[in-house]
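Architecture at a glance
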Amino acid sequence: MARRFLFFFRKKRGSRATGSERLGRLGEALFYTAILVLGGAALALIIWTMIVPQWRANYGFRETTCRVLDVPLPEENHGMESTTYRPQVHIEYVVDGKKFDKLAWDQLRTWYNDQARVEALTKRFRPGETYNCWYDPNDPEQVVLIRGSVWWVWLLAMLPAAFFVFGLIGLARNRLQSRTSRERRSALAKRAANMELFEPQRRESPKFPTVPIDAEWRNSPGTALAYRLPIATKPSWQLFAAAMSFLVWNLLAAVLLTIAIRGHVARQPDWFLTFFCLPIVAAGGWLCYYFLRQFLITAGVGATRMEVSDHPLLPGEEYEILLSQAGKLTFSSLEVFLVCDEQATYRQGTDTVADSQQVCRMSILRNEHLQIQPGLPYETRCKFRVPAGAMHSFKCDNNAISWRLLVRANVARWPDYERSFPVIIHPRGGEAAAGTNHQPHDAAAGGVSRQPTPTSGGHDT
Amino acid sequence: MNDPRVSLRLIGDSRIYSPGQTLSGEYFVDTTDPQEIKAVELSVLWYTEGKGDEDLAVHHFQRIANDNGTDVDFRLSQQFRTALPNTPLSYDGVIVRIHWCVRIRVFMRRGREVVSEQSFQLGMVPRARAVE
């Protein structure tokens, strides 16, 4: 019963989202309707008061001649902050034998900020001389001396037009969503993706939906084993990111600190700013430490290379790896783990938050007390077996299960470091069911596509 | 007026299926007024559950509508079958879980919907535990 009154307090994630989906859609529809109405009203106002009169003056008014009686001073409008000016010329003209005597200029009654500019515009009209003018045949009292299109009217119309289109698309989307179930939308989206004219760049294997394709891995042959594994993040990029964070943050901290110190020197201390600076300076110090650490790791530790005897990996199968580590270092220990991480992203307000959880960490190699000489990389091989019950790699928009080989080094008198080499694990059962042509050591072998068999009545998407 | 009840049954002794295996079943809608049913959608789908926002994908989809001149009596048993895909396998993790189910969505004339689903397991991946 209580939930009936708590429609707005939705649980957004978890086993079941609570709250009223229908009420949410109604609120969304009202929002888009308001945008549509406001945008439409503003657009209609601009069209009715600016675009139509301008168009009529250009194409609907009749041409005649007029005599300038006088060129008075521009009309003034005193606003809150500035004064604006409108040009005007006193003319006399005749329509169907009837004489008219009007102050005229353009149809939009344009106002200018610069008085000198307005006077320059009206200067070419001399009293007593004859000029062309255009009058409205339906209302001859409406007359203009200047015709033409003003570009900013169209620019002004674009803003409400954008609101109008946004509201229209939002309402159409809302209506489509309220009329179709989520399952149907998913099925339609998949069918549309399959009907694309150009082959889309696939992120997942057609034989193993949601499993990332391993083309990147298979494109790189190893020197001793079948494939050289790509590294997750290159140390040079980590160093670059650390350097940029260190520089930007400490520049900000230095500016704030200088202002605070100047206040103290001038005996006008700003204590709020002083205390505000403390955590910023502390964070700057930590960023400095982190940057130096990354610098030492990048500069002092050589390249780490990992090769594997086959890829993708299968649960229960045995594989061989080759680990190569360059640099002039003394290691207390050098370890390799097979690690599985669950990764989840979720929206919290306008932020997207990512979280991860390690669910497997299997030690596959541990060597201790190693000394690496420059120019002679340390190389070691070992065999390991992927756990028989290992979950396959999985990647979707908001959730992922990823596997990697993690190298962890404990270096004597130097910062410790970790380097990751992602791998893809395919399901064991799927291999048999799909009749895969798993071919070890064949870098050119692509996945054999096997489309699911359509069944009567429905369709497999 | 009572909402209709959906009876959904998967054929087979076990709720655990292997990749590539055929999933078949039947359903019917228990209602006093079959004319009230506008359409029925059957989906074989997987969805995620856990800390992240939900991902969902439909593997098999079937919609039977009563608005195109056809007049299907949903009180009679409707059968379906589909070959299951290789992935994703059902998974019970710490912050990510993957569930498979057959979902029936009944659309009524006045905008109401009745949903019924039957879970099943694809593959046999052991439950995961947090490591630290």
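Note that the coordinates shown come from a computational prediction; the quantities given were computed from them, not determined experimentally.

Considering the overall build of chain B
A tally of regular secondary structure across chain B gives zero helices and nine strands. Scanning chain B from its N terminus toward the C terminus, one meets helices and strands in the order β-β-β-β-β-β-β-β-β. Taking all 132 residues of chain B together, 39% fall into the buried category. Within chain B, counting contacts between residues at least 6 apart in sequence, those at least 24 apart form 66% of the total.

Focus on the overall build of chain A
When its secondary structure is counted, chain A shows eight helices and 17 strands. When burial is assessed residue by residue, chain A has 25% of its 461 residues classed as buried.

Here we look at the interface of chain B and chain A
Contacts between the two partners involve 46 residues from chain B, matched on the other side by 46 residues from chain A. Breaking the side of chain B that touches chain A down by element, the ones donating at least two residues are β4 (37-50), β5 (56-65), β6 (78-83) and β8 (96-108) of chain B. Element by element, the count of residues in the side of chain B that touches chain A is highest for β5 of chain B, at eight residues. Here the side of chain B that touches chain A is built from residues that sort into 21 nonpolar, 14 polar and 11 charged.

Overview of helix α3 (residues 151-179) of chain A
Residues and elements named next belong to chain A. Taking 1.5 Å as the rise per residue, α3 with 29 residues should run 42 Å; its terminal C-alpha atoms sit 42 Å apart, in good agreement. In the structure, α3 departs most strongly from a straight axis at L159, where the bend amounts to approximately 25 degrees and where the proline P160 lies between one and four residues downstream. Within α3, the full set of buried residues consists of F163, F164 and G167.

Remarks on the sheet that holds strand β5 (residues 98-104) of chain A
Residues and elements named next belong to chain A. On the basis of which strands lie adjacent, the open sheet formed by five strands has the order β5-β4-β1-β6-β7 and antiparallel pairing. Strands with a single pairing partner mark the edges of an open sheet, and in this sheet they are β5 and β7 (143-144). Examined bridge by bridge, strand β4 (residues 89-95) and β5 share seven bridges and lie antiparallel to one another. Within β5, the residue paired with I91 across the bridge is K102.

Some thoughts on the environment of R109 of chain B
Residue and element names in this part refer to chain B. Within the fold, R109 resides in the loop between β8 and β9 (113-122). Taking the C-beta count within 10 Å as the criterion, R109 has 12 such neighbours and is therefore assigned exposed. Once the C-alpha coordinates of R109 and K38 are considered, the two residues, 71 residues apart in sequence, prove to be 5.4 Å apart.

Overview of helix α4 (residues 182-194) of chain A
Residues and elements named next belong to chain A. Over its 13 residues, α4 extends 18 Å from the first C-alpha to the last, a length consistent with the 18 Å expected when each residue adds 1.5 Å. Taken as a whole, α4 has its buried residues at E183, S186 and A187. End-on view of α4: buried residues confined to an arc of 95 degrees, all on one side of the axis.

Things to note about the packing of helix α6 (residues 235-265) of chain A against helix α7 (residues 271-300) of chain A
All names here are of chain A. As a packed pair, α6 and α7 sit with axes 8 Å apart at the nearest point and diverge in direction by 155 degrees. As the angle between them shows, α6 and α7 are arranged roughly antiparallel. Here α6 and α7 pass one another in a crossing that is left-handed. Residues belonging to the contact of α6 with α7 are distributed by class as follows: 22 nonpolar, eight polar and no charged.

Some details on the sheet that holds strand β1 (residues 5-10) of chain B
Residue and element names in this part refer to chain B. Taken together, three strands build an open sheet; the order of strands is β1-β3-β6 and the sheet is antiparallel. The open sheet terminates on both sides in strands that have one partner only, identified here as β1 and β6. With strand direction ignored, the average angle separating the axes of adjacent strands in the sheet is 20 degrees.

Topic: unusual backbone geometry
Cis geometry is adopted by the peptide bond preceding P312 of chain A, which originates at H311 of chain A and carries an omega value of 0 degrees. Position of P312 of chain A among the secondary structure elements: in the loop between β9 (301-308) and β10 (318-327). Here the bond from T87 of chain B into P88 of chain B is cis, since omega is -5 degrees, no more than 30 degrees from zero. Relative to the assigned elements, P88 of chain B resides in the loop between β6 and β7 (91-92). Its identity is not glycine, yet D96 of chain A carries a phi of approximately 50 degrees, on the positive side. Among the secondary structure elements, D96 of chain A is positioned in the loop between β4 and β5. A residue is classified by how many C-beta atoms lie within 10 Å of it, and D96 of chain A, with 6 of them, is exposed.

Examining the pairing of strand β1 (residues 62-70) of chain A
Residue and element names in this part refer to chain A. As defined by bridge partners, β1 adjoins strand β6 (residues 130-135) across six bridges and the pair is classed as antiparallel. Following the sheet pairing, T65 is matched in β6 by N132. One ladder, built from four bridges, connects β1 with β4; its direction is antiparallel. Counterpart to V68 in the pairing with β4 is I91.

Side note on the nonpolar core
All names here are of chain A. Grouped together as the largest cluster of nonpolar side chains are 62 residues, with contacts concentrated most on L229, V308, I321, L405 and V423. Setting aside its immediate chain neighbours within four residues, L405 contacts L229, M306, I321, V336, L338, F421 and V423. Among the nonpolar cores identified, the runner-up in size contains 14 residues, and C66, I91, Y135 and V144 belong to it.

Points about the pairing of β9 of chain A
Residues and elements named next belong to chain A. Buried residues dominate β9, accounting for six of its eight residues. Judged from the two bridges that link them, strand β8 (residues 227-228) and β9 form a sheet pairing that is antiparallel. By the bridge assignment for β9, R228 is matched with E307. Two elements, β9 and β10, share six bridges in a ladder whose sense is antiparallel. Each bridged residue has a counterpart across the sheet, and for R305 the counterpart in β10 is S324.

Side note on the confidence of the model for chain B
Low pLDDT means the predicted atomic positions in that stretch should not be read closely. Residues and elements named next belong to chain B. When pLDDT is averaged along chain B, the result is 90; 98% of the residues meet or exceed 70. Across chain B, β7 holds the top mean pLDDT of 96, while β5 sits lowest at 91. As a predicted assembly, this complex carries a pTM of 0.68 together with an ipTM value of 0.91.

Notes on the environment of L76 of chain B
Looking at where L76 of chain B falls in the secondary structure, it is placed in the loop between β5 and β6. Along the backbone, L76 of chain B and F28 of chain B are 48 residues apart, and their C-alpha atoms lie at a distance of 5.7 Å.

What counts and what doesn't
- Residues numbered from 1 in each chain as written.
- Chains lettered and ligands numbered in written order.
- Predicted model: local features only at pLDDT ≥ 70, side-chain atom pairs only at ≥ 80, totals over all residues.
- Helix = DSSP H or I, 4+ residues; strand = E, 2+ residues; numbered from the N terminus.
- Buried ≥ 20, exposed ≤ 12 C-beta atoms within 10 Å, placed from the backbone.
- Contact = placed C-beta atoms within 7 Å.
- Nonpolar A, V, L, I, M, F, W, Y, C, P; charged D, E, K, R; others polar.
- Expected span 1.5 Å × (residues − 1).
- Bend = angle between axes of the 7 residues up to and from the residue.
- Pairing = 2+ DSSP bridges.
- Arc of directions from axis to C-beta.
- Axes fitted to C-alpha atoms, helices over the stretch in contact; angles between N-to-C directions.
- Parallel < 35°, antiparallel > 145°, perpendicular 65-115°, else oblique.
- Left-handed = near helix turned anticlockwise from the far one by under 90°.
- Core = buried A, V, L, I, M, F, W, Y, C linked by C-beta atoms within 7 Å.
- pLDDT = per-residue confidence, 0-100.

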